[in-house]
Amino acid sequence: MSQKEPGFSELLAAARHSAVHLEMRDSYGVGDEAEDFENWQRTGQRDVDPASAYWAPWVDLIRGTVARGVVVRRARVVSEPVTEYIRYEHAGTVVNLHAGEQVRWLPRRQASDIALPGNDCWVFDEEIVLFNHFTGEGSWSEPDWEVRSEPAVAALASAAFEAVWERGIPHEKYSV
């Protein structure tokens, strides 16, 4: 990957009608969440203040994107019973919804017949895919993303997301 490739923010800013995120890991270990996750494990309290320093940049970004008319959806494929990390994500999803995202959850056993990409990804306007790369422990790996625009790759990632979305359970109805 060349560092000249656009990153997430640039691709989201260029999106015209849709930005969808497919998440398929049961835990992540990315640095920007580590402190919040550790606090949640210790106290059982999750930061769900959309104006907090932790959430405000994301909320502002998504609100601005949705205000431009871009539909932002997130689908999570999860093992059940869920991991502690998924409980943590579930507890914070109210902020994603507040920002304007739509979120659904799909138990992994209901995804066995869906052709899924090998990595989590964002798909922009069904044309450009940003694959996220993680280590086995869930930290960002180098390079941490890969942008692909081949029609077959975009079609696979878009079809996978839509299949998961169709079967997914809206956040408000999914309990962990």
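Heads up: the structure comes first, above all this text.
Attention in this report is confined to the structure presented alongside it. Starting from 1, residues in each chain are numbered consecutively following that chain's sequence as written. Totals for whole chains, interfaces and linings use every residue, but because this is a predicted model, local features are given only for residues with pLDDT of at least 70 and side-chain atom pairs only at 80 or more, for both listing and counting. With hydrogens and water stripped out, all remaining heavy atoms of the structure feed into the side-chain values.

**Describing the packing of aromatic side chains**
Given two aromatic rings, their pairing is described by the distance between the two centres and the angle made by the two planes. Classification of ring pairs rests on two measures: the distance between centres of Phe, Tyr or Trp rings, Trp counted by its six-membered ring, which must be within 6.5 Å, and the angle between planes, read as stacked under 30 degrees, edge-to-face over 60 and tilted in between. Taken as a whole, this structure holds 16 aromatic pairs when the rule is applied. With a centroid separation of 5.7 Å and an interplanar angle of 20 degrees, the aromatic rings of F8 and W58 are classed as stacked. Taken as a pair, F8 in helix 1 (residues 8–14) and W58 in helix 3 (residues 56–67) lie far apart in primary sequence, 50 residues in all. Measuring from ring centre to ring centre gives 5.0 Å for F37 and Y88, while their planes differ by 65 degrees; the resulting arrangement is edge-to-face. A residue pair is termed long-range when its members are at least 10 positions apart, and F37 in helix 2 (residues 31–43) and Y88 in helix 4 (residues 84–99) qualify at 51 residues. Working definition: helices are DSSP H or I runs of at least four residues, strands are E runs of at least two. Numbering for both runs from the N terminus.

**Structural notes on unusual backbone geometry**
Note that the residue after E80, namely P81, is joined by a cis bond; omega there is 0 degrees. Within the secondary structure, P81 sits in the loop between strand 2 (71–78) and helix 4. With an omega dihedral of -10 degrees, the bond running from E142 to P143 counts as a cis peptide bond. Of note, P143 is situated in strand 6 (residues 140–148). A positive phi angle is found at D125, which is not glycine, with a value near 55 degrees. Along the chain, the position of D125 falls in the loop between strand 4 (121–124) and strand 5 (128–134). Under the scheme applied here, a residue whose accessible area is under 20% of the maximum for its type counts as buried, over 50% as exposed, and between as partly exposed, the area being computed with a 1.4 Å probe on protein chains only. Using a relative accessible area of 5% as the deciding quantity, one classes D125 as buried. If you check the backbone angles, E126 has positive phi at about 60 degrees while not being a glycine. Assignment of secondary structure puts E126 in the loop between strand 4 and strand 5.

**Thoughts on the layout of surface pockets**
One number sums up the size of the largest pocket: a volume of about 800 Å³. Lining the largest pocket are 30 residues, with D32, E33, W58, R74 and W140 sitting closest to its centre. Breaking the lining of the largest pocket down by element, the ones donating at least two residues are helix 1, strand 1 (18–23), helix 2, helix 3, strand 2, helix 4, strand 5 and strand 6. A total of five residues in the lining of the largest pocket trace back to one element, the largest contributor, which is helix 4. Basically, the charged four are Asp, Glu, Lys and Arg, the nonpolar ten are Ala, Val, Leu, Ile, Met, Phe, Trp, Tyr, Cys and Pro, and anything else, Gly included, counts as polar. A breakdown of the residues in the lining of the largest pocket according to their chemical character gives 14 nonpolar, six polar and 10 charged. Throughout, the protein atoms alone are placed on a 1 Å grid, and a set of points is a cavity if a 1.4 Å probe fits but cannot get out or a pocket if it is open with protein on both sides within 12 Å along at least five of seven lines; lining residues have an atom within 4 Å of a point. Grid points are joined across faces, edges and corners, and a volume is the space filled by probe spheres set on the points.

**Description of the sheet that holds strand 5**
A pair of strands is treated as paired once DSSP finds two or more bridges between them. Ordered in space as 6-5-4-1-2-3-7, the seven strands form an open sheet in which the pairing is mixed. Where the open sheet ends on each side, the last strands, each with one partner, are strand 6 and strand 7 (169–170). Pairing of strand 3 (residues 102–107) with strand 7 involves two bridges; the strand directions are antiparallel. Within the sheet, the bridge partner assigned to W105 lies in strand 7 and is I169. Strands in contact with helix 4 are strand 1, strand 2 and strand 3; relative to strand 3, the strand with the most contacts, it is inclined by about 155 degrees. Any two residues whose heavy atoms approach within 4.5 Å are treated as being in contact. To obtain each axis, a line is fitted to C-alpha atoms, and for helices this fit is confined to the stretch in contact; angles are then taken between N-to-C directions over 0 to 180 degrees. Its contacts with the sheet put helix 5 (residues 151–167) on strand 1, strand 2, strand 3, strand 4, strand 5, strand 6 and strand 7, and the angle it makes with strand 2 is roughly 75 degrees.

Everything listed is a geometric property; what it means functionally is a separate question.
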